[in-house]
Structures are given as C-alpha cells and as structure tokens.
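Coordinate analysis (summary)
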Amino acid sequence: MKFFIGNWKMFGVPKSINILHKINFFISKDKNRNKYRAIITPPYTLIESYSKYFRRKKIIIGSQNCYKKDPFSSNTAAVSPYMIRKVGATYTIIGHSDNRAEGDSNTDLKSKVELALKNKLKIIYCIGENKTQKINKKTFTVLKNQIVKVLNRKLKSNNIIIAYEPIWSIGTGKIPNNKDLLKTAIFIKKVVKKVFGKTLPVIYGGSVDENNVKMFKEIKEIDGFLIGGASKSAKKFIDIIKNYYR
Ligand code: PGA
C-alpha cells in the first residue's frame, strides 16, 4: 500500500473543499485506486466539516498535530488527540519539523504518540535532519535518535507510518539524490525493525512535485509521500499520483 499525504499547513477555508472534490473525483475513477491511500491534513478548523463530507469517499482526513495532554486541560488554544478523533480525523501528523522547531521535545512527542494511538488515531511520525547535521554527516545519528527516543515496541505499530523529511528540503525545491535517499530509507527501515521487530511504511517528504515524483518512484523502499506545497493544488496532487503510476 502506498500513501499520498497532503499537508496543507496554514492553508484553507471552508470553500477550499473544492480542491478535495476534484481529487476525490479523480481517485474514484482511477484504475490504480486500490494501490494507495490519499490522506489530507487540513488545519484544525476544517477537520470536522471535511471529515463528515468525505466519510464514505476516497479521501481520508487527518490532523497536522495534536496536543500532548488528553482529553481536556486548561491550555489555551490546545487541541487534544481525543478532540481530534471526535471530530472525525483518522490520522495525525506528529513531530513535523515546524513543530519541533517551535519546541516539541522528544518527551512531548512520545506523549503525543501514545495519546493519539490510545484515541485510535493513526500516526504519521516525521523525522529528518537539518542542513548542518547533513553536512556534518550526522544524518543517521539524528534519525535514529528521533526514532528510538519516541517510539517503542509497546506501541501499536500497525498504526504508524514514518515520514522522512530532510528539513533542508522542505519548501526549498531541493531534494536528496536517489542514492542517498535509498540508503536513508534502508537505514530507517533497519532501525524501525530493531524497535518493533518488523518494518513500517516509510514515506518521503520535502519539495515533492509532479515532476520529481518520477524519480522517486524508482526507489521501491519509499512507500509514499508527504506533500506540502503541491497538495494545495488539485491538479498537482492528482498529477503526482498519475505520474507515480505511469
Ligand atoms: P513541501 O512540504 O512539500 O512544501 O516541501 C512538505 C512538508 O513540510 O510536509
């Protein structure tokens, strides 16, 4: 099973549902539709209405983050895994570099992962090195830490996807070369296997678009994509899927 996951970040108002109508229409006619899952993570404000609308359709709705406490607490503007699940989300991203940069520690992420799984949310857990770490050849050490400090064998591994997103690639148009990406995907799968006793899907994120997806599809170890910028356009998102299977 492959995953095409659109992370809208701070984008979208109610009428942006039109983008999803087009994507849903494409998928419902796509002969490859049983080979992949399309997941969109709109901002919190749109989760309930979009989840209701797409409940029996071809798009799965997720959240971009969740708070580290559950179910209710007195943190202003925080939204818990319980609240997210109750408005219909199926997935949640955890550990996106935007949120790590704003202070999410491994301890915070660990508690988010546990609470999200407890509420039956499936997890897209993001890991990735920054430019300095890459230059200093620390990539593998960083990735390993991000995995072993947050995930452990007691968690329901069937409900976890790992998203490898090199920070220097997010929103920059820069992408890793095939050789490096293949090595990294193999490394991540090896670490994950040590933690869980089995491998999990590993997807790639960072400047994925309708053109470079043709190159990424050569790497069979990559089980899908976390798509930021290009997921705000129905055409680009659809072309990514089309070009992946072409
Ligand atoms: P991008 O974002 O595709 O715009 O690089 C990816 C992400 O941050 O998930």
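Report follows, based on the coordinates.

Criteria and cut-off values
- By convention here, each chain's residues receive numbers from 1 onward along its written sequence.
- Where totals are concerned, whole chains, interfaces and linings use all residues; where local detail is concerned, this predicted model gives features only for residues with pLDDT of at least 70, and gives and counts side-chain atom pairs only at 80 or more.
- With hydrogens and water set aside, each side-chain value is computed from the structure's full complement of heavy atoms.
- Think of it this way: any DSSP run of H or I at least four residues long counts as a helix, any run of E at least two long counts as a strand, and we number them from the N terminus.
- Contact definition: two residues touch when any of their heavy atoms are within 4.5 Å.
- For each residue, the accessible area found with a 1.4 Å probe, counting protein chains only, is set against the maximum for its type, and the residue is called buried under 20%, exposed over 50%, and partly exposed in between.
- At least two bridges found by DSSP between two strands are what make those strands a pair.
- Whether a crossover is right-handed comes down to one check: with the strands pointing away from the viewer, does the path from the first strand over the helix to the second run clockwise; if it does, it is right-handed.
- Being near a molecule or strand, for a residue, comes down to having at least one heavy atom within 4 Å of it.
- Distance and chemistry together define a polar contact, namely a pair of N or O atoms within 3.5 Å, with one atom able to donate a hydrogen and the other to accept it when in protein, and with adjacent residues in sequence counting only for side-chain atoms on both sides.
- All accessible-area figures derive from a Shrake-Rupley calculation using a 1.4 Å probe, and residue coverage is judged against the displayed protein chains alone.
- For this classification, Asp, Glu, Lys and Arg are treated as charged, while Ala, Val, Leu, Ile, Met, Phe, Trp, Tyr, Cys and Pro are nonpolar and the rest, including Gly, are polar.

**Thoughts on the environment of Thr41**
- Position of Thr41 relative to the elements: it lies in strand 2 (residues 36–41).
- Considered as a pair, Thr41 and Met83 are 42 residues apart in the sequence and their alpha carbons are 15 Å apart.
- In this structure Thr41 touches Gly6, Asn7, Trp8, Lys9, Gly62, Ser63, Gln64 and Ile93, once residues within four positions along its chain are discounted.

**Topic: the pairing of strand 6 (residues 160–164)**
- The buried count for strand 6 comes to 5 of 5 residues, which makes it a mostly enclosed element.
- Neither face of strand 6 is left uncovered, since the one carrying Ile160, Ile162 and Tyr164 and the one carrying Ile161 and Ala163 both have all their residues buried.
- Where strand 5 (residues 122–127) and strand 6 come together, 5 bridges link them in parallel fashion. Its bridge partner being in strand 6, Ile123 is matched across the sheet by Ile160.
- Across 3 bridges, the pairing between strand 6 and strand 7 (residues 202–205) is parallel. When the bridges of strand 7 are listed, Tyr164 appears paired with Tyr204.
- Read as a crossover between parallel neighbours, the route from strand 6 over helix 8 (residues 178–196) to strand 7 is right-handed.

**As for the site of the ligand**
- Around the ligand sit 13 residues, and of these Lys9, His96, Glu165, Gly171 and Ser207 come closest.
- Between the ligand and His96, the relevant distance is 2.7 Å, taken from an oxygen atom to a side-chain nitrogen or oxygen of the residue.
- With respect to the ligand, the backbone of Gly171 contributes an N or O atom lying 2.7 Å from an oxygen atom.
- Here the ligand has 280 Å² of accessible area as a free molecule, and 95% of this is covered by the chains.
- For the shell around the ligand, the per-class residue count stands at 3 nonpolar, 8 polar and 2 charged.

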